[in-house]
Amino acid sequence: MFSTKDLSEVDYISLNIHDSSSFARGTSRSLWRKWNQLSRFQRNIFYFAIITIALLIFYLLPGGARNILLENENDYDNGKVSLETPKPKLGEPLIVDNVDSVKVLDTGDVIEEPQQFPQEHNDDDDQIGEPPQPKSNGLKFNGPQNDKQKAVIKAFKHSWTGYKKYAWGHDNVKPISKGYHEWFNLGLTIVDSLDTMYIMGLNEEFKDARDWVENSLVFTLNRDVNLFEVTIRVLGGLLAAYHLSSDKLFLDKAIDLGDRMLPAFSTRSDVPYSDVNLGMRSAHSPKWGPDSSTSEVTSIQLEFRDLSRSSGQPRFEAAAAKVSEHIHRSEKYDGLVPIFINANTGMFREYATITVGARGDSYYEYLLKQWIQTGKTIDYLRDDYLLGIAGMQKHLVKTTANKKLLYLAELVGAAKEMKPKMDHLVCYLGGTLALGVHNGLPSSHMDFANELVKTCYETYAMQPTFLAPEITYFNVLNSLDDNPMYVKPNDAHNLLRPEFIESLFYMWYFTGNKTYQQWGWKIFQAFENYTKVENGYTSIGNVRNIQNTRPKDMTESFWFAETLKYLYLLFDDSRQLINLDKWIFNSEGHPLPIYET
């Protein structure tokens, strides 16, 4: 302490009064001088260090950026936040997790990610949608019960042997050249075949496939995949294998895959992008244009809903359900939808073709199947399906001048000009109509189904190979040759497609009419006669000439997942292998459980 006397003896008093603003300016000027004295190399090192620290902080946060965007799970459940990822600007592709911002990755590179831990189940998760049902204890199958089923298993094993020998771990086998074709690098044939092998009782083959899934199936490649195809084939295949076998490995893989596909849904319109990079967790419109196929964005809901119900994590169902809700609110043509829709605007492409074939088909299928999957509790799905069928009957259903065969035409352009063309894909509809009737929808739909199934059978029976072409045209005028249909050279290929076999299975299951089994057996024999090769079965380029079928050296994964599975079920005399009051098949033939409420 200074006394008064002490103060009187000094010439002045120096008080250090701290001026924070002046101090900050001085410090700032000093730091700026020091920064300017650094070399460009030193500055770059500083920038790199800052970016590295930011990335480390980002990945040390539980759940990454998603926990920043979602304050808590209740916000999501209450509808305050619709998705886990931010909405991009109009037309801007979304990148959710840039897992390697420093290294430039090439397409096909494996992206190393930090170890992922299973998310803990939150009881609040159950508040959105319907609560998860009890976990399935799995089903047991006893193998083939008759000679026809044994013949189908023999065909499967012949195909599987060629695949395992020449294409193991790859997407598709090329059975003639003894090679493989890579589409998504996800072992499509293995994952697509899991439930078929399980249902057929091929336990050894199933174990080999299960081991590959455990040890080799990863989703970290820097490669674009199609949201729809991966959903119905890989996600659907994993979920079906989980429900049939009760092996949690498949569910864990499905959750990982589902999380990586969620970025596709983060658009301003709620209509998902068609392409997803699973490793980069990014999504964008297809390279061929700005639009997605309507059937593709509306045929993923069964799988994402089941993933939520099975995992207890509602985000998957919420994301996919928004798409159906958006389409429900969109303007249609008497219940019919154009085949293209823009993910940025959410609008259908003006004057796009209306068809029940390619790019339009499974929209109608999934309306009905979602309604059934959810215990018939979502009325707008049923109503939109009924409107769609009524629209088909009003605008698309036509008959040939000769033989009066019913077919579904297409509407093309602004004038909606009728085109007498029907894809083989349309032949799924007969079985879907029968499924709807079984679930209480108008019995008149069964008449529609019977007529369409008859026409689809004729597309096989009228060809020398007894195999249907990819596309058939129908004669609307009387012709001298009395032929109600014809095939153009570029449409004469057969890809081993399952759609008509699928309808035959449904018709047999619901009616017990053995005619459908007989038709299926004839088609199976045609596959044996004209598509079987030394190392499997191949697509062919020409169904119109038994001397020149032009093999295409390709076995699509749906040959294993659907065609052979539906043949095996069609030849089940008991009609008890799969109970269609408890299971619903997705668009790739993978059975998923029906939820009671």
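Residues numbered from 1 in each chain as written. Predicted model: local features only at pLDDT ≥ 70, side-chain atom pairs only at ≥ 80, totals over all residues. Heavy atoms only, no water.

A. Spotlight on the overall build of the chain. What the chain contains, in helices and strands, is 20 helices and 19 strands. Within the chain, buried positions represent 55% of all 597 residues. Restricting the contact set of the chain to residue pairs at least 6 apart, pairs at least 24 apart contribute 70%. For the chain, the exposed area adds up to about 26900 Å²; of that, 51% sits on carbon and sulfur atoms. (Helix = DSSP H or I, 4+ residues; strand = E, 2+ residues; numbered from the N terminus. Buried < 20%, exposed > 50% of the residue type's maximum accessible area, 1.4 Å probe, protein only. Contact = heavy atoms within 4.5 Å. Areas by Shrake-Rupley, 256 points an atom, 1.4 Å probe, with all protein chains shown as cover.)

B. The environment of Ser444, seen in detail. Note that Ser444 resides in helix α17 (residues 444-461). Looking at Ser444, the relative accessible area reads 42%, which means it is partly exposed. Here the alpha-carbon distance between Ser444 and Leu433, two residues 11 residues apart in the chain, equals 9.6 Å.

C. Region of the structure containing the nonpolar core. Ranked by size, the top nonpolar core spans 145 residues in total, and within it Leu186, Leu408, Leu429 and Phe500 carry the most contacts. Of the residues forming this core, the biggest block, 11 residues, is contributed by helix α9 (residues 227-245). If we skip the residues at most four places from it in the chain, Phe500 touches His424, Cys427, Val453, Cys456, Tyr457, Tyr460, Trp519 and Ile523. (Core = buried A, V, L, I, M, F, W, Y, C linked by side-chain atoms within 4.5 Å.)

D. Inspection of unusual backbone geometry at higher detail. The backbone of Arg359 shows a phi angle near 75 degrees, a positive value even though the residue is not glycine. The residue Arg359 is located in the loop between β8 (340-342) and α14 (361-373) in this model. The class of Arg359 is partly exposed, set by a relative accessible area of 34%.

E. Local environment of the pairing of strand β14 (residues 471-474). Judged by which residues are buried, β14 turns out to be covered on both faces: Ile471 and Tyr473 on one side and Thr472 and Phe474 on the other are all buried. Bridging between β14 and strand β15 (residues 485-486) involves 2 bridges; their strand directions are antiparallel. Looking at the pairing, Tyr473 lines up with Tyr486 of β15. (Pairing = 2+ DSSP bridges.)

F. Region of the structure containing helix α16 (residues 429-438). Among the 10 residues that make up α16, 8 are buried, leaving the element largely enclosed by the rest of the structure. For α16, the set of buried residues is Leu429, Gly430, Gly431, Thr432, Leu433, Ala434, Leu435 and Gly436. Contacts made by the buried residues of α16 are with α14, α15 (379-396), β10 (406-408), α17, α18 (499-511) and β18 (583-585). At the C-terminal side of α16, Gly440 shows a positive phi close to 95 degrees.

G. Structural detail: the sheet that holds β14. Read from one edge to the other, the open sheet built from 3 strands follows the order β13-β14-β15, with strand pairing classed as antiparallel. Each having just a single partner strand, β13 (421-423) and β15 make up the two edges of the open sheet. Docked against the sheet, α17 engages β13, β14 and β15, running at close to 85 degrees with respect to β13. (Axes fitted to C-alpha atoms, helices over the stretch in contact; angles between N-to-C directions.)

H. Quick look at the packing of aromatic side chains. Scanning the entire structure with this criterion turns up 29 aromatic pairs. Taken together, the ring pairs connect Phe505, Tyr506, Tyr509, Phe510, Tyr566 and Phe585 into an aromatic cluster. (Phe/Tyr/Trp six-rings, centres within 6.5 Å; stacked < 30°, edge-to-face > 60°.)

I. Representation of the packing of α9 against helix α12 (residues 301-311) in the model. At their nearest, the axes of α9 and α12 sit 10 Å apart, and the two run at 35 degrees to each other. Like other packed secondary-structure pairs, α9 and α12 cross with a definite hand, here left-handed. Contact residues: Thr231, Ile232, Leu235, Gly236, Leu239, Tyr242 and His243 in α9; Glu303, Phe304, Asp306, Leu307 and Ser310 in α12. (Left-handed = near helix turned anticlockwise from the far one by under 90°.)

J. Seen up close, the pattern of salt bridges. Across all of its chains, the model carries 21 salt bridges by this definition. The residue Arg260 makes a salt bridge to Asp256 at a minimum N-O spacing of 2.9 Å. One end of the pair is Arg260 and the other is Asp256, both in helix α10 (residues 248-261) and 4 residues apart, which spans about a single turn. Between Glu317 and Arg309 there is a salt bridge; the shortest N-O distance is 2.9 Å. Taking the relative accessible area as the measure of exposure, Glu317 reaches 12% and is therefore buried. Using a relative accessible area of 3% as the deciding quantity, one classes Arg309 as buried. What emerges from the salt-bridge pattern is a single network uniting Arg210, Glu214 and Asp247. (Salt bridge = Lys/Arg side-chain N within 4 Å of Asp/Glu carboxyl O.)

K. View of the side chain of Gln370. Relative to the assigned elements, Gln370 resides in helix α14. With relative accessibility at 2%, the residue Gln370 sits in the buried group. If we ignore the near neighbours within four places in the chain, the residues touching Gln370 are Gln301, Leu302, Arg305, Ser324 and Leu381.

L. Geometry of a nonpolar patch on the surface. Judged by side-chain polarity, Phe46, Tyr47 and Ile50 come together as a nonpolar surface patch covering roughly 310 Å² of accessible area. Of note, Ile50 is situated in helix α3 (residues 40-60). (Patch = residues over 30% accessible without salt bridge, like charges linked within 9 Å, V, L, I, M, F, W, Y side chains within 5 Å.)

M. A look at helix α6 (residues 147-166). With 20 residues, α6 extends 29 Å between its outermost C-alpha atoms, agreeing within 8% with the 28 Å of an ideal straight helix rising 1.5 Å per residue. Turning to α6, its buried residues number three or more, namely Gln149, Val152, Ile153, Ala155, Phe156, Ser159, Trp160, Gly162 and Tyr163. Two to three positions downstream of the cap, the backbone nitrogen of Lys148 sits 3.1 Å from a side-chain oxygen, assigning the N-cap of α6 to Asn146. (Expected span 1.5 Å × (residues − 1). Polar contact = N/O pair within 3.5 Å; in protein donor to acceptor, adjacent residues only side chain to side chain.)

N. How the structure looks around the packing of α16 against α18. Viewed as axis vectors pointing N to C, α16 and α18 meet at an angle of 30 degrees, and their least axial separation amounts to 7 Å. Considering their axes alone, α16 and α18 lie roughly parallel with respect to each other. In this structure, α16 crosses over α18, and the sense of that crossing is left-handed. Between α16, through Leu429, Gly430, Gly431, Ala434, Leu435 and His438, and α18, the contact on the second element is made entirely by Ser503, Tyr506, Met507 and Phe510. Classifying every residue of the contact of α16 with α18 gives 6 nonpolar, 4 polar and no charged. (Parallel < 35°, antiparallel > 145°, perpendicular 65-115°, else oblique. Nonpolar A, V, L, I, M, F, W, Y, C, P; charged D, E, K, R; others polar.)

No statement about biological role is implied by the geometric values presented.
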